[in-house]
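# Structural overview
Take a look at the letters that make up each chain.
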Amino acid sequence: MTDVVTTINLAAIYGLIGVGISLTWAGLGFLNLAHGVTFAAGLYGAWWAQENISDHPSVIFLGGIVVGAIAGTVVWLSVFVPLDGKPNWDTRSIVASLGLAIIGVNTYFLVFGPQRKAIEYLFGTTKFKLAGSTITADKSGAIISASVVMLLVVVALVRSRIGLGVRALTQNPEGAALVGIGRRQAAFAILAVSGALAGFAAVLLSQVFYPEPNIGYLPLLKGLIVALLGGLGSIPGAVIAAFMVGATEAVTAHYLDQSWVLLTQFGLIAIVLLVRPRGVAGILEASRA
Amino acid sequence: MREVLSFKKAGDASFYGGSLALALILFFVVYDNDVFGGQWVVFSLYASINLMWMLVIGTAGIYSFATVAVVGASAYLAALVSGGSIAGVDLEGARSLNVVLMLLAAAAFGAFLGVLIAAPTIRLRGVYFCLFTIGLAEVGRAIVKQHELLGKNSGLFGGARFLRVDQVATENGRTIQFFVGLALIVFCLVVYRLVDGGRLGLLLRTARESEGVAKGLGVDVVRARFAVFIISSTVLGLIGGFYTGSYGGVSLTIFDFNTLLLLLAMIVVGGLGSAKGAIIGTALVLYVDRTYADLDQPAWRFVAIGIIMYAVTIGTTRGLVGLPAQIRAYVQRRRARQVGGEGEPAPAPAELELPGL
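Residues numbered from 1 in each chain as written. Chains lettered and ligands numbered in written order. Predicted model: local features only at pLDDT ≥ 70, side-chain atom pairs only at ≥ 80, totals over all residues.

Across its full length, chain A holds 12 helices and two strands. Counting helices and strands in the order they occur from the N terminus, chain A gives α-α-α-α-β-β-α-α-α-α-α-α-α-α. Its C-alpha atoms give chain A a radius of gyration of 18 Å, within 12% of the compact-globule value 19 Å for 289 residues. Principal-axis analysis of the C-alpha atoms places the extent of chain A at approximately 55 × 45 × 35 Å. Across the 289 residues in chain A, those meeting the buried criterion constitute 53%. (Helix = DSSP H or I, 4+ residues; strand = E, 2+ residues; numbered from the N terminus. Rg over C-alpha atoms; globule rule 2.2 N^0.38 Å. Buried ≥ 20, exposed ≤ 12 C-beta atoms within 10 Å, placed from the backbone.)

Per the secondary structure count, chain B includes 14 helices and two strands. Taking all 357 residues of chain B together, the buried fraction comes to 46%.

For the rest of this paragraph, the subject is the environment of Phe132 of chain B. Within the secondary structure, Phe132 of chain B is located in helix H6 (residues 126–146). Sequence separation between Phe132 of chain B and Ser64 of chain B is 68 residues, and the spatial gap between their C-alpha atoms is 8.4 Å. In contact with Phe132 of chain B, other than residues within four places in its own chain, are Ile269, Ala270 and Leu273 of chain A together with Pro120 and Leu124 of chain B. (Contact = placed C-beta atoms within 7 Å.)

Attention now moves to the interface of chain B and chain A. Counting residues at the interface gives 35 residues for chain B, matched by 32 residues for chain A. Counting residues per element, the ones that place at least two in the side of chain B that touches chain A are H6, helix H11 (257–270) and helix H13 (299–315) of chain B. In the side of chain B that touches chain A, the residues fall into 22 nonpolar, eight polar and five charged. (Nonpolar A, V, L, I, M, F, W, Y, C, P; charged D, E, K, R; others polar.)

The next subject is the environment of Leu169 of chain A. All names here are of chain A. Mapped onto the elements of the fold, Leu169 is located in helix H6 (residues 161–171). By C-beta crowding, Leu169 is classed as buried, having 24 other C-beta atoms within 10 Å. Separated by 90 residues in the primary sequence, Leu169 and Ser259 have C-alpha atoms spaced 39 Å apart.

With that settled, consider helix H5 (residues 137–159) of chain A. Between its first and last C-alpha atoms H5 of chain A spans 32 Å; for 23 residues at 1.5 Å apiece the expected length is 33 Å, and the two agree. Among the residues making up H5 of chain A, those that are buried are Asp138, Lys139, Ala142, Ala146, Val149 and Val153 of chain A. (Expected span 1.5 Å × (residues − 1).)

This brings us to the domain arrangement of chain B. Residues and elements named next belong to chain B. Taken domain by domain, chain B holds domain 1 (2–255) and domain 2 (256–357). Taken together, the contact between domain 1 and domain 2 spans 27 residues of the former and 20 residues of the latter. Partitioned by chemical class, the residues of the side of domain 1 that touches domain 2 number 19 nonpolar, seven polar and one charged. (Domains from an automatic or database assignment.)

Turning our attention to the confidence of the model for chain B. Residue and element names in this part refer to chain B. Confidence in the prediction for chain B averages 82 pLDDT; 86% of positions are at 70 or higher. Of all the helices and strands in chain B, helix H1 (residues 2–5) carries the lowest mean pLDDT, 52, while helix H10 (residues 221–247) carries the highest, 94. pLDDT under 50 marks residues 87–95. Its contacts with residues more than four places away, or in other chains, come to nine contacts. We note a pTM of 0.82 for the whole complex and an ipTM of 0.86 for its interfaces. (pLDDT = per-residue confidence, 0-100.)

This part covers the packing of helix H4 (residues 89–112) of chain A against H13 of chain B. At a minimum axis separation of 8 Å, H4 of chain A and H13 of chain B run at an interaxial angle of 155°. The angle between the axes of H4 of chain A and H13 of chain B places the two elements in the roughly antiparallel class. Between H4 of chain A and H13 of chain B lies a crossing whose hand is left-handed. Of H13 of chain B, the residues touching H4 of chain A (which contributes Arg92, Val95, Ala96, Gly99, Leu100, Ile102, Ile103, Asn106, Thr107, Phe109 and Leu110 of chain A) are Ala299, Phe302, Val303, Ile305, Gly306, Ile307, Met309, Tyr310, Thr313 and Ile314 of chain B. Here the residues of the contact of H4 of chain A with H13 of chain B sort into 15 nonpolar, five polar and one charged. (Axes fitted to C-alpha atoms, helices over the stretch in contact; angles between N-to-C directions. Parallel < 35°, antiparallel > 145°, perpendicular 65-115°, else oblique. Left-handed = near helix turned anticlockwise from the far one by under 90°.)

Attention now moves to unusual backbone geometry. With a phi close to 55°, Asn88 of chain A is a non-glycine residue in the positive phi region. Residue placement: Asn88 of chain A occurs in the loop between helix H3 (57–83) and H4.

This part is about the packing of helix H5 (residues 99–118) of chain B against H10 of chain B. Where H5 of chain B contacts H10 of chain B, the axes come no closer than 6 Å and their chain directions differ by 145°. In this structure, H5 of chain B meets H10 of chain B at a crossing whose hand is right-handed.

Written out as C-alpha cells, the structure reads:
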C-alpha cells in the first residue's frame, strides 16, 4: 500500500512537470530545456516568500506559482519572441533555452550560494493509517492538490478560449494560424502556465527536492521522460506515463535502492519507445516527427 | 578519395593552414609553459570529440547525446585493460597492455558501442532518440558509479600513458603531448572530410532533409546511419584511449552533464554542420572556460559560456562560422533598400536548414 501511495504521489507531481513540457512541444514545436530552471525558480520563490512574507502554506504556494509563471514568461520573452519564425527554429530554440538554463543555474549559485534552503511542511506532519499502511499528510495533500490542479488544466484546455487556441495549435499549427489564432499570445499562455505548473510541482516536492542551484536537472529529466513516454502533446498519455514512471521509481526504491531509479526508468523508456516509438499515446506522428 | 580530401574552397585551405601555423607558433613560443601543455591536451581531446559529434549531429542530423559517454566508456576500458586500478587496489587479470594495443582496444569498444547506439535509430527519431541517448549516458554513469572494478566515484588510474613518469612536466614530455594531440586532431579532420565530403555524407544529408525522399531515391537510410555511428564511435573510442593515455586514467567526471553541455556549447557557438565551426567553437569556449576558471566563483565561467551560447544562437543562424555571410547579406540588403528599393533585392545567404527534432 505504501508503494501505491508513493506511486500516486510521484505520478501526480511528475505529471504536472511533464504536461508543461508536452504542451510546449506540441503547441510550439519547442523543447524547453529551461524548464528545470523554471522548477528551481519556483522553489526559490516559495522559499523567498516563506522567509520574507509569511510562512503560511498559501503564501508559500503562491510564491512558487507566481515565480514559476514569471520564469516561464522570461523564457517566452528571451527565447520564443526573438526566435519564432526564424530559420532553424527547432534547433535554435532548444539551444537558446539550454543557454538560458546554464545562465539560470549559475546565477542561482551566485545569488543564493550552493547551500540548500529549507521549506516548511505545507500540509502538516500528521499521519494516518490506510489499509495497514501509514500515510503522511504531506503525500496525501500533494496527491489531492496536484490532481485538482491537473483537472483545472484539462478544464481550461477544453472550456476556455485560450485553451481552444492551444489545442488548435497542437493539432494543426497552419490551420490555427489561418483561423486567426495568435501564436505569440498562445505561446505566452503555454509558457506562463507550464511555468506556474512547474512552480506548483516544485512546492509539492519541496520536502524531497530542496531549493539549491542544480535542483532542476532531475525534475527536467523526469518531466522529459513523462512527456516523451506519454507521447508529446497528449495529456492522457502524460498522465499514464507519469504513473509508469512513478511506479518504477517507487518499486525500484523499495526493492533495490534509490541509486538504481534512473537506471530502471531508462530501461522502461527503452522498452516502451522501442515498442511504441511515439510514446504511449503520441498524436503528432505526422506533424512533429 | 583525393577529391574528398581536397579543399572545396580557398577559405578552407587558409583556415586549416592558418590554424596549424598558429598552433605551431604558439607551441614554440610557450612550449616551456606547463599551463599551455595542459590546455593543449584538453583542446585536442575536445576538438576531436566535437569533430566526430558534428558528423552525427550536423551531417546526419541525429541528436545523439551519448557522444561523451562513448569516450568515457572507452577511456574506462582503456584504463582497465592497460593496468589501471583504484588507488591501492591491485586487480589481477590479463591486463597491462601497451599503449598501442590499449588504443586499439578502446577503438574496438567504441565501434561496439556505436552499434548499440545506432540500433534504436531504426525505430526512434528526433527527441525520442535524443532522450534515449541521454538515458544511455546515465546508464553508463550508473554502471561505473556502482561497480567496484571500475573504481566507483574514485575512477581508475595507473593505466598506460604516452609519457613515462620522468617525462611528465618536462619540455620533452610537452613536445610529445603536443604532437600526439595534433595528430589526433588531424586524424579526426581527415575522417570528418572523408565522411562528410564523401558518398556517405551525401546520403546522410539527403536522409536528414527528408527520409521519405531519400528512401524513394533508393538510399539505404538505416545502413547509412549505422555506418556514421560506427565510424564516429570507433574514433570516439580511440579518443577515449587517448584520454587515458594522456591522463593515465579516467574518473566519473567524464560522464558529467556539465561536460556534455560544455561540448555542445562549443559546437553551437562555432556553427552546426561545419568542421571549422567545431574547431573555432572549441577554441573560443575553452578560452572563456579557462579564463574564468581561476575566479573565486567558478559559476561565472558557466554564466559567461551560457551568455555566449545564448547570444550566438539568437544573433546568428549558423553560429560564428556563418556570421560573415550573414553580415554580407545584411549589408547587401541595406544597400539595395538605400538605392531606392528598385530592382531585385539581394538574396538572403544560403541557409543551412538543420533538421527539426
